[in-house]
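# Working through the structure, step by step
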Amino acid sequence: MRIALFASKPYDRQFFDQANREGEHEIVYIEARLSQQTVQLAEGFPAVCVFVNDLVDAEVLQQLHAGGTSIVALRSAGFNNVDLKTADALGIKVVRVPAYSPYSVAEHTVAMILGLNRQIPRAYNRVRDCNFSLEGLLGFDLHGKTFGLIGTGEIGRVVAKIMSGFGCRIVAYDPYPNQQWAEDSDVQYVELDALLEQSDVISLHCPLTPDTHHMIDAAAVQKMKPGVMLINTSRGAIVETQAVIDALKSSKIGSLGIDVYEEEDKLFFENLSGQVVQDDVFARLLTFPNVLITGHQAFFTKEALQQIAATTLQNLNDILKEGSCKNQLHAS
Ligand code: NAI
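Residues numbered from 1 in each chain as written. Predicted model: local features only at pLDDT ≥ 70, side-chain atom pairs only at ≥ 80, totals over all residues. Heavy atoms only, no water.

If you look the protein chain up in an unreviewed UniProt entry, it shows as D-lactate dehydrogenase from Rosistilla ulvae. Per UniProt, the protein chain carries the Sequence similarities (unreviewed entry) text "Belongs to the D-isomer specific 2-hydroxyacid dehydrogenase family." (UniProt positions renumbered as here; feature names shortened; annotations may be inferred.)

In structure tokens form, the structure reads like this:
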């Protein structure tokens, strides 16, 4: 099958070429993101392959349909950037990679927790400058602390297991609780408010949906413990950034680790080091010593990229051979 792979980076080419070593598919790597401005590049391709910041809205889908595209293959788990209703109406099949190494994201989440708590980035910079003062580097024992997990799917459950290893008490909120897992893992499901009130560290592992959009707003922050650590490796818009900035300024939030950001599509995955940051909210986040930001890299391990490429091509093969695929998404 001919596939137009949008937002491609050298590492996408490396792992997709490896997964396609038999040459079953003809993959054309396009650096541009899919958008209303670039959709014409997909003309004549039966399939497009997209990532988290490609825009697959109604207009783009209509143009894809007009150009002969019938499959949108997401090389991600999240699919908040696709208008599934319009895709269904147009008969465009949308497939995704629901589970690729949950360890990649879970381990990055824990790296952020440890990096923030023990101030590793600040310590690294100090020591390079021969500044061996410990002032301002005070952390806390994770052992015995309450860890709040919002979303207990593939990634959340791995995070829980790792954090249990540190001796944390784990409380979790999920509208679709997995009781058996909770029992087996010594995790206690609680209501969202109780989680916000009790947790020393809160980590988000739910999808971005209309329900979770700005779930962490000023009212939610108000319920948190003073000095709480908040971690978001899910999707930026689950957190209302301005509310979190206000809480950092008042020290209500003690530290923040984010791998995702509401407006990341204008920033992440590109080298903008020679440019002036135009996003004042993001620029403010960069000024806090107790904020750790990574540019949507939690998924970025060898194992995850191998799995993403293999599953994406398998999804396309399934559609070609069976007309459907277990990783297909539908509206509703
Ligand atoms: P999953 O689908 O296995 O689990 C999501 C869980 O969230 C489910 O248990 C679901 O019931 C729960 N949930 C749904 N609505 C909720 C709500 N309102 N409140 C609390 N929980 C809710 O997904 P998985 O694989 O664990 O991934 C979680 C998220 O992580 C993805 O949706 C994606 O946005 C993000 N992600 C981020 C990556 C990164 O590189 N930073 C890479 C991969 C995923």
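What the 6 strands build is an open sheet, ordered β2-β1-β3-β4-β5-β13; its pairing is mixed. Sheet topology places β2 (26–29) and β13 (328–329) at the edges, where each strand pairs with a single neighbour. As judged from the 3 bridges shared by strand β1 (residues 2–5) and strand β3 (residues 47–50), these two strands associate in the parallel manner. Residue pairing for β3: L5 is matched across the bridge by C49. Packing against the sheet, helix α12 (residues 302–322) makes contact with β1, β2, β3, β4 (71–74), β5 (93–95) and β13, and its axis sits at approximately 155° to β4. (Pairing = 2+ DSSP bridges. Helix = DSSP H or I, 4+ residues; strand = E, 2+ residues; numbered from the N terminus. Contact = heavy atoms within 4.5 Å. Axes fitted to C-alpha atoms, helices over the stretch in contact; angles between N-to-C directions.)

Here β4 shows no split at all, with I71 and A73 on one side and V72 and L74 on the other all buried. Across 4 bridges, the pairing between β3 and β4 is parallel. Considered in β4, the bridge of V50 is made with L74. As paired strands, β4 and β5 are joined by 3 bridges and run parallel to one another. Within β5, the position partnered with A73 by the bridge is V95. Taken together, β4, helix α3 (residues 84–90) and β5 constitute a β-α-β crossover, and its handedness is right-handed. (Buried < 20%, exposed > 50% of the residue type's maximum accessible area, 1.4 Å probe, protein only. Right-handed = clockwise from strand over helix to strand, strands pointing away.)

Before going further, it helps to spend a moment on the UniProt feature "domain: D-isomer specific 2-hydroxyacid dehydrogenase catalytic" (unreviewed entry) in the protein chain. UniProt's feature table lists "domain: D-isomer specific 2-hydroxyacid dehydrogenase catalytic" (unreviewed entry) at residues 4–328, given in the numbering used throughout. Secondary structure content for residues 4–328 is 37% helix and 15% strand, while the C-alpha to C-alpha distance between its ends is 19 Å.

Turning our attention to the UniProt feature "domain: D-isomer specific 2-hydroxyacid dehydrogenase NAD-binding" (unreviewed entry) in the protein chain. UniProt feature "domain: D-isomer specific 2-hydroxyacid dehydrogenase NAD-binding" (unreviewed entry): in the numbering of this structure it lies at residues 110–298. In residues 110–298, helix accounts for 34% and strand for 16%; the two terminal C-alpha atoms are 10 Å from one another.

So, on to the sheet that holds strand β7 (residues 169–173). On the basis of which strands lie adjacent, the open sheet formed by 7 strands has the order β8-β7-β6-β9-β10-β11-β12 and parallel pairing. Only two strands of the sheet have a single partner each, and these edge strands are β8 (187–189) and β12 (291–293). The sheet shows a mean angle of 20° between the axes of neighbouring strands, direction not considered. In this sheet, β7 lies alongside strand β6 (residues 146–150) in parallel orientation, the contact comprising 5 bridges. Along β7, the bridge assignment pairs G148 with V171.

Right, let's talk about the site of the ligand for a bit. E154, I155, D174, T233 and D259 are the nearest of the 24 residues found near the ligand. A distance of 3.3 Å separates an oxygen atom of the ligand from a polar atom in the side chain of R235. When the ligand is considered free in solution it has 860 Å² of accessible area, and contact with the protein chains removes 86% of it. Residues of the shell around the ligand, tallied by class, amount to 12 nonpolar, 8 polar and 4 charged. (Near = heavy atom within 4 Å. Polar contact = N/O pair within 3.5 Å; in protein donor to acceptor, adjacent residues only side chain to side chain. Areas by Shrake-Rupley, 256 points an atom, 1.4 Å probe, with all protein chains shown as cover. Nonpolar A, V, L, I, M, F, W, Y, C, P; charged D, E, K, R; others polar.)

Moving on: the domain arrangement of the protein chain. For an interface, size is often stated in terms of accessible area lost upon the parts coming together. If you check the domain split of the protein chain, you get domain 1 (2–100 + 301–329) and domain 2 (102–293). Measuring from the centre of the C-alpha atoms in domain 1 to the corresponding centre in domain 2 gives 30 Å. Facing the 12 residues of domain 1 at the interface are 11 residues of domain 2. Taking both partners together, domain 1 and domain 2 bury about 980 Å²; carbon and sulfur atoms supply 48% of that area. Of all residues in domain 1, the largest losses of buried area upon contact with domain 2 belong to R33, N53 and N80, amounting jointly to 44% of the total for that side. Here domain 1 is connected to domain 2 by 1 salt bridge. Ionic pairing is found between K9 and E270, a salt bridge with its closest N-O pair at 3.2 Å. At the junction of domain 1 with domain 2, the criterion picks out 6 residue pairs in polar contact (both at pLDDT 80 or more). (Domains from an automatic or database assignment. Buried area = accessible area lost by both parts, 1.4 Å probe. Salt bridge = Lys/Arg side-chain N within 4 Å of Asp/Glu carboxyl O.)

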